[in-house]
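Spelled out, the chains give:
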Amino acid sequence: MIMGLIILVVGLIGQWLLGLFVAAIVLDDRFSGSRQHKLETGSLKQSRQSNMTIGISSSMAELAGLGCVFGVGITTWCLFLWSCFGGMLGILPSGLLAAIGLVTGGPLFISRLRQHWRQHSPRSLIASTERQERSACLCCQVAISMIFIAALFQTLQTPQKLWDERAIFALKGVVLFEGRSIHSPSLLHADFVQYHPRYPLLLPLAEQNIYALLGRVDDRLSKIVFTMLYCGLVLTTAGVLQRHLSRGQAWMGGLLLATVPVLMPYEYGFLCGQADAPVACFHGLSVLYLWEGLTRERNGQSSRRSMLMAGICGGLAAFTKDEGTAFLMIDASILGLFWLASIRNPGQFHRSSFGVGIFVAAASTILLPWFIHRRSLPITTEMNYFGRMSVELFVSRLDTLRWSVPHVVGRMFREWREWGLQWWLMLGAMISCPRRSFQKPQLLCVLDVVGSLAALIVAGMLAPAQLDEHIGGSSHRFLMQIAPVAVLFTVTVFFGQDENLTHSREIE
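Rules behind the numbers
- Residues numbered from 1 in each chain as written.
- Predicted model: local features only at pLDDT ≥ 70, side-chain atom pairs only at ≥ 80, totals over all residues.
- Heavy atoms only, no water.
- Phe/Tyr/Trp six-rings, centres within 6.5 Å; stacked < 30°, edge-to-face > 60°.
- Helix = DSSP H or I, 4+ residues; strand = E, 2+ residues; numbered from the N terminus.
- Buried < 20%, exposed > 50% of the residue type's maximum accessible area, 1.4 Å probe, protein only.
- Salt bridge = Lys/Arg side-chain N within 4 Å of Asp/Glu carboxyl O.
- Axes fitted to C-alpha atoms, helices over the stretch in contact; angles between N-to-C directions.
- Parallel < 35°, antiparallel > 145°, perpendicular 65-115°, else oblique.
- Left-handed = near helix turned anticlockwise from the far one by under 90°.
- Contact = heavy atoms within 4.5 Å.
- Nonpolar A, V, L, I, M, F, W, Y, C, P; charged D, E, K, R; others polar.

Colleague: Sorry if this is basic, but what is going on with the packing of aromatic side chains here?
Modeller: In this description, a pair of aromatic rings is defined by centroid distance and the angle of the planes. Scanning all chains against the criterion turns up 12 aromatic pairs. Note on phenylalanine 80 and tryptophan 370: the rings are 6.2 Å apart at their centroids and 65° apart in plane angle, and the pair reads as edge-to-face. With phenylalanine 80 in helix H4 (residues 49-84) and tryptophan 370 in helix H15 (residues 346-374), this pair connects stretches of sequence that are 290 residues apart. In this pair, the class of phenylalanine 80 matches that of tryptophan 370, namely buried.

Given below as structure tokens:
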């Protein structure tokens, strides 16, 4: 048992380092900190000290967070491809991926950590404003760290016990561990006792990876996956925001995201093994990088790295739960509208075309193998929204809007004590800063939320189920999936006046 725990810990470190290395490659940020440090000398170094501090801190927080997110997402995607082509799941592929992470990501992490320490030593912070900024950041970081520790301990207190986490995800994870293949006869059999057999396999494969490293099934330890995604969401958000806001404002945004009650400590959030909180993580980061890409386009800069990150995260969201596919369609439609709106500006139109193409191509690369495999899975309890879509059905169920719209609005604003203030804060930001609220990057967040709410209401109209049971029982979890977008909008609108910092650091 002890040896299994040691292998699990080493394997998870390797998984995290693999995600960190992949993120560094996508961002083209493997050695940028070292190059920048060597190029800056004398007075030039002093004049750029503040910006450099922001950049190095951003790289550490962002890479550490993406290590968690990509560690889970890329590892499961690789395991899926391995099994698709006939490979057997188990300790061999899981251990190999962890070893690759240790070899590739280990040296990179050590190099960046040394660079971070050099730039954040007390002697490097000369101005009093920098010391105050450091103190504010430290307070936020300590609070976030305590929340992470609390989340981990609460996660490990109970096994998987809720219906969805057991009947949809945990059961598949056990079958994958025992059968060692996504082509297991149980998963392909319509009469096998599972709920939603066509649901994506990211979470079951992530749990199987834990079992493979541990050598046995333990549905307490498998929930570590969800704590990793929670940490990754908060750290990556804080890291990216540091390229556009001050460090203090960015970490305040991270703390605000970490304390959204519906994400943690709500029992259906990151403390359980359901897919809603992981979708919030992947979808939230996809919108975050889309927001950054649009910000860079507005400033005449290249957005391809941000769009690539957004596409990968969007694809992983769709590989987690079907709602991720809906979010992907909504965001692609928003980008299409922005692309059409830029047709009168040739330079911006070219950049926008390239960015949209990268986003769609990255998401398609992640999802194409899954959609091919999905065709072989049985259909049992699926709602079949697209198959039911018709004008006659829409017209006949218009009266459902009398219940669904007030219900969703009430969940967002009247029940804030349970789910959080993010919707009130988003509304307050729109009212207090209307001009900034409708700049293209912020408009993305508004349209994403509006499109998602419209999708939820339409789903209630199309679903062959009792409305108050279908929407009433899931609206709070659906709103959880777009809560990070509300936080992003609020932070960037309220603190967006510091636009001069947008140019201070670049991804590439």
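Colleague: Would you mind going over the pattern of salt bridges with me for this structure?
Modeller: Here the idea is simple: oppositely charged side chains can pair when their charged atoms come close. Per the counting criterion, the structure on display carries 10 salt bridges. Arginine 243 serves as the salt-bridge partner of glutamate 62, at 2.5 Å between the closest nitrogen and oxygen. A residue pair is termed long-range when its members are at least 10 positions apart, and glutamate 62 in helix H4 and arginine 243 in the loop between helix H10 (224-241) and helix H11 (247-258) qualify at 181 residues. Owing to a relative accessible area of 1%, glutamate 62 belongs among the buried residues under this scheme.

Colleague: Help me understand unusual backbone geometry in this model?
Modeller: Backbone phi values are negative for most residues with the exception of glycine, while trans is the configuration of most peptide bonds. Methionine 264 connects to proline 265 through a cis peptide bond whose omega is 20°. Position of proline 265 among the secondary structure elements: in the loop between H11 and helix H12 (276-298). Despite not being glycine, arginine 180 has its phi angle at roughly 60°, a positive value. Its location among the elements puts arginine 180 in the loop between helix H7 (163-179) and helix H8 (185-188). For arginine 180, a relative accessible area of 38% puts it in the partly exposed group.

Colleague: When you look at the packing of helix H18 (residues 401-414) against helix H24 (residues 475-494) in this model, what are you seeing that I'm missing?
Modeller: Axes are the key here: two packed helices are described by the angle between their axes and the distance separating the axes. As a packed pair, H18 and H24 sit with axes 10 Å apart at the nearest point and diverge in direction by 60°. By the angle class used here, H18 and H24 are oblique. Between H18 and H24 lies a crossing whose hand is right-handed. Across from His407, Val408, Arg411 and Met412 in H18, the residues of H24 making contact are Ser475, His476 and Leu479. Residue composition of the contact of H18 with H24, by class: 3 nonpolar, 3 polar and 1 charged.

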